[in-house]
Amino acid sequence: MNVVIVEGSITIRMQLQALLAREPRLHVVGEAADEPSAIEVISRTQPDVVLMDLALQPGSGLRVLRAVRQLGVGARVVVLSNSYYEEMRRACAEHGISGFFDKSRQAEQALELLRSWLPPLSWDEGERQAAVDGLDVKPQIHEAFDELADLACDISGSGMAAIGLLDHEDHRLIGVSGLGMRVLPRDRGFCSHVVQQGPLIEVPDTWHDARFSDHPLVQGAPYVRFYAAVPLALASGEVVGSLCVMDRLPRRLRERQREALVTLARCAVNELETLRRLPRRAEQAMSAAMTL
C-alpha cells in the first residue's frame, strides 16, 4: 500500500517513517512539508493513503485536501494533527477523510487503521504466486482476454470489466473493457480483498459497503459503485486472479447474468491453462528428447 506523508516537521516525518516501516506492506512513496508540494506529490504519485497534518508552513492541510479531491484523487486521507476540534473535523469530513487522530497520542491507532485496509494474503500464498509465475501471458495474448472482458460487459450490462492476475505487488490486468489501465498496485485492487470469498462476489453499492466506501477506486477514478467478481482457480486449485465487472451506478445482477459470468470465468481459466509453462524438469526432458 503506497503512502504519502504530509507533515511540516522533519522530526515527525522521520517518526512516521519509522512507524510505517513496522509494516512491510506499507511503502512511503512521497513526502511534503508545505501546501504546494503536497498537492504536487499527491497528484503525481496517486497514493492509496495520505497521512496529513493540518498545520503546514506555508499552507493548510485542509486546502490540500480540497485541492486533491477537486483533482479527482481518491486516496484515503488520515489526518494526524494536534489541532483537534470538532469544527475542523467536520470540515475535513466534508471532503472524505478516513480517520482523524491526535498525532502526539494516537499514531499507533492510525497504523492499525492502515493495516486494516491491507487485503489478506491467501494461506497458500507461496504456491499461488508460483502458479502465477508459471503463466506465460505475453502482451500479444491480451487481445483474447480483452474479448472476454468485452463479453463480460455485454453479459452484465456493466460499463467496465477486467481479467486480472494477482502478481507479487501488482494487480496485472491482462484483459480490460472500458478501462484505461493495465496494472495497479495489488493492495489497491478490489480483487485482493474478495478473491478467496466464494464462487461469485457481488457488491451492489460500494457506498454502503464498509470495506469499500472510502476506497481510492470509489472516491476517485474510475468511481466504482457496483462490483462483481468470479475467482479464477486453476485446475491445480490455486486462485490466480479474477474476472470482474464494474459500473459507476449501483445495481444488482440477475441470476442468469451471474451464471453466465461464472461460465465466462471458466473460459478465462481454460485459456490460462494453455499458457502454463512446463515445469523445469519437463522442459529439460523435452529438450533432451528433441536432440536424440
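Attention here is on the structure that accompanies the text.

Conventions used here
- Residues numbered from 1 in each chain as written.
- Predicted model: local features only at pLDDT ≥ 70, side-chain atom pairs only at ≥ 80, totals over all residues.
- Heavy atoms only, no water.
- Core = buried A, V, L, I, M, F, W, Y, C linked by side-chain atoms within 4.5 Å.
- Buried < 20%, exposed > 50% of the residue type's maximum accessible area, 1.4 Å probe, protein only.
- Helix = DSSP H or I, 4+ residues; strand = E, 2+ residues; numbered from the N terminus.
- Contact = heavy atoms within 4.5 Å.
- Polar contact = N/O pair within 3.5 Å; in protein donor to acceptor, adjacent residues only side chain to side chain.
- 1 Å grid on protein atoms, 1.4 Å probe; cavity = no way out; pocket = protein on both sides within 12 Å on 5 of 7 lines; lining within 4 Å.
- Points joined across faces, edges and corners; volume = space filled by probe spheres on them.
- Nonpolar A, V, L, I, M, F, W, Y, C, P; charged D, E, K, R; others polar.

1. Considerations on the nonpolar core
- In terms of nonpolar packing, the biggest core is built from 30 residues, with Phe145, Ile163, Leu232, Val240, Leu243 and Leu272 touching the most fellow members.
- Elements with a minimum of two residues in this core: helix H6 (125-133), helix H7 (142-156), strand E6 (160-167), strand E10 (226-233), strand E11 (239-247) and helix H10 (255-273).
- Residue contributions to this core peak at six residues, all from H10.
- The residues contacting Ile163, other than those within four sequence positions of it, are Phe145, Leu148, Ala149, Arg172, Leu173, Ile174, Gly175, Leu232, Ser242, Leu243 and Ala268.
- By size, the runner-up hydrophobic cluster in this structure holds 23 residues, among which are Val41, Ala75, Ala91 and Ile97.

2. Notes on the side chain of Asp205
- Position of Asp205 relative to the elements: it lies in the loop between strand E9 (201-203) and helix H9 (216-219).
- Leaving out residues up to four positions away in the same chain, Asp205 has contacts with Arg225 and Pro250.

3. Brief notes about the side chain of Asp48
- You can see Asp48 is positioned in the loop between helix H2 (35-45) and strand E3 (49-52).
- Side-chain polar atoms of Asp48 contact the backbone nitrogen of Asn2, separated by 2.8 Å.
- For Asp48, the contacting residues outside a window of four places in its chain are Met1, Asn2, Ala75, Arg76, Arg188 and Pro216.

4. Some words on the layout of surface pockets
- Its volume calculated, the largest pocket comes out at about 310 Å³.
- Among the residues forming the lining of the largest pocket, the class breakdown is three nonpolar, three polar and seven charged.
- If you go around the second largest pocket, you meet 14 residues; those closest to its centre are Gln46, Arg188, Pro216, Leu217 and Ala221.
- Mapped by element, the contributors of at least two residues to the lining of the second largest pocket are strand E8 (183-185) and H9.
- Residues of the lining of the second largest pocket, tallied by class, amount to nine nonpolar, four polar and one charged.

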